[in-house]
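Chains, contacts and geometry: an overview
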Amino acid sequence: QAQLSPSSAGDQKVILLPCRSAPSLERVQLWLEARKQYEHLQRGR
Amino acid sequence: MTTLTRQDLNFGQVVADILCEFLEVAIHLILYVREVYPSGIFQKRKKYNVPVQMSCHPELNQYIHDTLHCVKPLIEKNDAEKVVVVIMDKEHHPVERFVFEISQPPLLSIRHPRPTPIRIPSDTLLSHVEQLLRAVILKISVCDAVLENNPPGCTFTVLVHTREAATRNMEKVQVIKDFPWIVADEQEVHMQEPRLIPLKTMTSDIVKMQLYVEERAQKAS
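Described below are features of the structure shown in this document. (Residues numbered from 1 in each chain as written. Chains lettered and ligands numbered in written order. Predicted model: local features only at pLDDT ≥ 70, side-chain atom pairs only at ≥ 80, totals over all residues. Heavy atoms only, no water.)

**What about the overall build of chain B?**
Just so we agree on the cut-off: Labels follow the DSSP assignment, with helices taken as runs of H or I lasting at least four residues and strands as runs of E lasting at least two, numbered in each case from the N terminus. Whether a residue is buried, partly exposed or exposed follows from its accessible area with a 1.4 Å probe, protein chains only, as a fraction of its type maximum: under 20%, in between, or over 50%, in that order. For this analysis, residues touch if any pair of their heavy atoms sits within 4.5 Å. Only the protein chains shown count as cover for residues, and all accessible areas are computed by the Shrake-Rupley method using a 1.4 Å probe.
On a plain count of helices and strands, chain B comes out with six helices and ten strands. The buried share among the 221 residues of chain B stands at 51%. In chain B, the share of contacts with a sequence separation of at least 24, taken over all contacts with a separation of at least 6, comes to 75%. Element-wise, carbon and sulfur atoms account for 48% of the exposed surface of chain B, whose accessible area totals about 10800 Å².

This is the structure in structure tokens:
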């Protein structure tokens, strides 16, 4: 993959995408599970 | 007749604000409808006077926000030809592409009976744009009816079709946000025998947009 070139003076069509990835499904699922547990604990108080 | 340029009105900025706000809602809704993330992270909200599903996962929300923040300077300068939400399978091969094809008129011509200060965009114009964007949102919310189910474990990314010279508009934002972008390689872009599903076309005085989905013929890996 080519990095964006700041000095590039060309005007060709390019397709860009972010280097960073979106949060993974596993990560989001863990967060959701933790939130459910937290809400459950809050209700139990 | 008064002819107003994009520059006179800071026109591009207004359009970019409207479009980025819309794209944010659209991306959340696509992720919900296409079940990229569990439905439990989404909450019902009202946007454009219709119910939509928006994520409440802080990291995901920030990711979408940062992505669009980087895209905004391109839209502002009318340099973003397409913004594409790509859903990829576990092997990072695209299975679906939601393509937002954007075009803006370079000049805005308004007829006035006498020379008066012109306020653009007017409330009527904005209300019309909102009405059109609402129709696009409604189409996204029911698009699962015309699409095949995606394989489990999908993820997503956002692609921007632009011109090499325009990328300098993004550079400052990339640095500030610590959100660098790269040129996409073949794997991110190529899809075998895609099926094209047009969803909606909208035409207003300030922006034209076409939304279609490209769906991979064989979705199972």
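**Section: the sheet that holds strand S4 (residues 82-88) of chain B**
Short version of the rule: Only when DSSP finds a minimum of two bridges between them are two strands counted as paired. Only C-alpha atoms enter the line fits that serve as axes; for helices the fit covers just the stretch in contact. Angles between N-to-C directions range over 0 to 180 degrees.
In space, the seven strands of this open sheet follow the order S8(B)-S1(A)-S7(B)-S4(B)-S5(B)-S10(B)-S9(B), with antiparallel pairing throughout. Each edge of the open sheet carries a strand with a single partner, namely strand S8 (181-183) and strand S9 (194-203) of chain B. The sheet shows a mean angle of 25° between the axes of neighbouring strands, direction not considered. Summarising the sheet, strand S5 (residues 94-103) of chain B and strand S10 (residues 208-216) of chain B pair through eight bridges and their orientation is antiparallel. Following the sheet pairing, Val99(B) is matched in S10(B) by Tyr212(B). Contacts from helix H2 (residues 11-33) of chain B reach S4, S5, strand S7 (155-163) and S10 of chain B, with the element oriented near 160° to S5(B).

**Details of the environment of Asn150(B)**
Residues and elements named next belong to chain B. We apply this condition: Polar contact is the term for a pair of N or O atoms within 3.5 Å; when the atoms are in protein, one must be able to donate a hydrogen and the other to accept it, and sequence-neighboring residues count only if both atoms are side-chain atoms.
Its location among the elements puts Asn 150 in the loop between helix H4 (123-141) and S7. A distance of 3.4 Å separates polar atoms of two side chains, one belonging to Asn 150 and the other to Glu 96. At 2.9 Å, the side chain of Asn 150 forms a polar contact with the side chain of Lys 219.

**Topic: the interface of chain B and chain A**
Operational definition: Buried area: the accessible surface (1.4 Å probe) lost by two parts on joining, summed over both. We count a salt bridge whenever a side-chain nitrogen from Lys or Arg sits within 4 Å of a carboxyl oxygen from Asp or Glu. Residues are grouped as follows: Ala, Val, Leu, Ile, Met, Phe, Trp, Tyr, Cys and Pro are nonpolar; Asp, Glu, Lys and Arg are charged; every other residue, Gly included, is polar.
Counting residues at the interface gives 42 residues for chain B and 30 residues for chain A. Summed over both sides, the interface between chain B and chain A buries roughly 3500 Å², with carbon and sulfur atoms accounting for 61% of that surface. The largest per-residue losses of area from chain B upon contact with chain A belong to Glu164(B), Ile182(B) and Val183(B), which jointly make up 21% of the total buried on that side. Two residues, Asp66(B) and Arg20(A), come together in a salt bridge whose shortest N-O distance is 3.8 Å. Connecting chain B to chain A are 13 residue pairs in polar contact (both at pLDDT 80 or more). Taken together, the elements giving at least two residues each to the side of chain B that touches chain A come down to helix H3 (58-76), S7, helix H5 (168-177), S8 and helix H6 (186-189) of chain B. Ranked by the residues each element gives to the side of chain B that touches chain A, the list is headed by S7(B), at eight residues. Residue composition of the side of chain B that touches chain A, grouped by class: 21 nonpolar, ten polar and eleven charged.

**Thoughts on the pattern of salt bridges**
The full count for this structure, using the stated rule, is twelve salt bridges over all chains. The salt bridge partner of Glu39(A) is Arg35(A), with a shortest N-O separation of 3.7 Å. Residue Glu39(A) and its partner Arg35(A) are located together in helix H1 (residues 25-44), separated by four residues, close to a single helical turn. Of the charged contacts, one joins Glu96(B) and Lys219(B) as a salt bridge, the two residues approaching to 2.5 Å between their closest N and O atoms. In this pair, Glu96(B) is assigned in strand S5 and Lys219(B) in the segment after S10, connecting sequence segments 123 residues apart.

**Comments concerning the environment of Ser55(B)**
Residue and element names in this part refer to chain B. Note on placement: Ser 55 falls in strand S3 (residues 50-55). Residue class for Ser 55 comes out buried when judged on its relative accessible area of 2%. Put simply, Ser 55 and Arg 134 are 79 residues apart on the chain and 19 Å apart in space, counted from C-alpha to C-alpha. Within polar-contact distance, the side chain of Ser 55 engages the side chain of Asn 61 at 2.6 Å.

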